[in-house]
Amino acid sequence: MADDNTNCAQAHQQPPKPSFALEHLNALVGEWTMEGTVPSDPPLAVGGRAAFEWLTGGSFLVQRWDVAHPDFPDGIAIIGSDASAEAYRQHYFDSRGVFRVYEMSLRDNVWKLWRDSPDLSQRFTGTFSDHGKTITGRWEKSSDGSKWEHDFDLTYVKVD
């Protein structure tokens, strides 16, 4: 009986092999500084940190962020993929109690997040630098899903 329990425990400790789509998310893994710029007069610069790490088992990527400004939320997001290549979904939770679900893609050094909602549609496009250590991005928002306005710029720089 002890051998059966040992084999069962060993089987549960072996992480699943990540799918092809999940392997693309490795570009995000690590620690990053964040700098957001809100278009105002004068523009408001807001700093923070983000970390991306694999959840035990390797099937989901966890993103955590802290922002050094009381008007902007800290949060956590869980990113996963279905069996199709490069189709992702991000489940977002923040310190204000906000929960959102974003569609996501990551291909050709471009990271996109988007959600269509009757009250607030949003989209983000971030471009990786050639060396992969900087992501330069922009968030946009729309209250009607057709007229988009610039929300804020967001740059990630990987911490070595």
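This is a predicted model, so every value here is computed, not measured. (Residues numbered from 1 in each chain as written. Predicted model: local features only at pLDDT ≥ 70, side-chain atom pairs only at ≥ 80, totals over all residues. Heavy atoms only, no water.)

(A) Representation of the overall build of the protein within the structure. From N to C terminus, the protein includes two helices and ten strands. Ordered by position from the N terminus, the helices and strands of the protein form the series α-α-β-β-β-β-β-β-β-β-β-β. Looking at the protein as a whole, 32% of its 160 residues are labelled buried. A separation of at least 24 residues holds for 32% of the contacts in the protein among residues at least 6 apart in sequence. Carbon and sulfur atoms provide 52% of the accessible area of the protein, an area that totals close to 9,700 Å². (Helix = DSSP H or I, 4+ residues; strand = E, 2+ residues; numbered from the N terminus. Buried < 20%, exposed > 50% of the residue type's maximum accessible area, 1.4 Å probe, protein only. Contact = heavy atoms within 4.5 Å. Areas by Shrake-Rupley, 256 points an atom, 1.4 Å probe, with all protein chains shown as cover.)

(B) The pattern of salt bridges, seen in detail. Under the defined criterion, the tally for this structure stands at eight salt bridges. For R89, the salt bridge identified is with E103, shortest N-O distance 3.0 Å. Residue R89 is located in strand β5 (residues 88–94), and its partner E103 is located in strand β6 (residues 99–107); the two are separated by 14 residues in the primary sequence. Accessibility expressed as a relative area gives 28% for E103, which makes it partly exposed. The shortest N-O distance in the salt bridge between K141 and D151 comes to 3.8 Å. Note that K141 is positioned in strand β9 (residues 134–142) and D151 in strand β10 (residues 149–158), a separation of ten residues in sequence. Several salt bridges share partner residues, and in doing so they unite R123, R138 and E140 into one network. (Salt bridge = Lys/Arg side-chain N within 4 Å of Asp/Glu carboxyl O.)

(C) Structural context of the layout of surface pockets. Of the volumes computed, that of the largest pocket is approximately 640 Å³. Together, 29 residues line the largest pocket, and W65, P73, Y92, W139 and F152 are the ones closest to its centre. Across the lining of the largest pocket, the residue classes break down as 17 nonpolar, six polar and six charged. (1 Å grid on protein atoms, 1.4 Å probe; cavity = no way out; pocket = protein on both sides within 12 Å on 5 of 7 lines; lining within 4 Å. Points joined across faces, edges and corners; volume = space filled by probe spheres on them. Nonpolar A, V, L, I, M, F, W, Y, C, P; charged D, E, K, R; others polar.)

(D) Main features of unusual backbone geometry. Following D41, the chain continues into P42 via a peptide bond in cis, with omega recorded as 0°. Along the chain, P42 falls in the loop between β1 (30–38) and β2 (44–54).

(E) Fine view of the packing of aromatic side chains. Overall, the coordinates contain eleven aromatic pairs when judged by the stated rule. Of the aromatic side chains, those joined through ring pairs into one cluster are W32, F52, W65, Y92, Y102, W111, F124, W139, F152 and Y156. The aromatic ring of Y102 is capped on one face by R115, whose charged end is 6.0 Å from the ring centroid. In this structure, R123 packs its charged tip against the face of W148, placed 3.9 Å from the ring centre. (Phe/Tyr/Trp six-rings, centres within 6.5 Å; stacked < 30°, edge-to-face > 60°. Lys NZ or Arg CZ within 6 Å of the ring centre and 35° of its normal.)

(F) Highlighting the environment of T134. Tracing the sequence through the fold places T134 in strand β9. Measuring from C-alpha to C-alpha, the distance between T134 and V157 comes to 4.5 Å, with 23 residues separating the pair along the chain.

(G) The arrangement of the environment of Y102 in detail. Of note, Y102 is situated in strand β6. Y102 sits 25 residues away from A77 along the chain, and the two C-alpha atoms are 10.0 Å apart. For Y102, the residues in contact, after removing those within four places along its chain, are Y88, R89, Q90, Y92, L113, W114, R115, Q122 and W139. At a separation of 2.7 Å, a polar atom in the side chain of Y102 contacts the side chain of Q122. (Polar contact = N/O pair within 3.5 Å; in protein donor to acceptor, adjacent residues only side chain to side chain.)

(H) Structural view of the environment of A21. Structurally, A21 is set in helix α2 (residues 20–23). In this structure the C-alpha to C-alpha distance between A21 and A87, which are 66 residues apart in sequence, comes to 7.3 Å.

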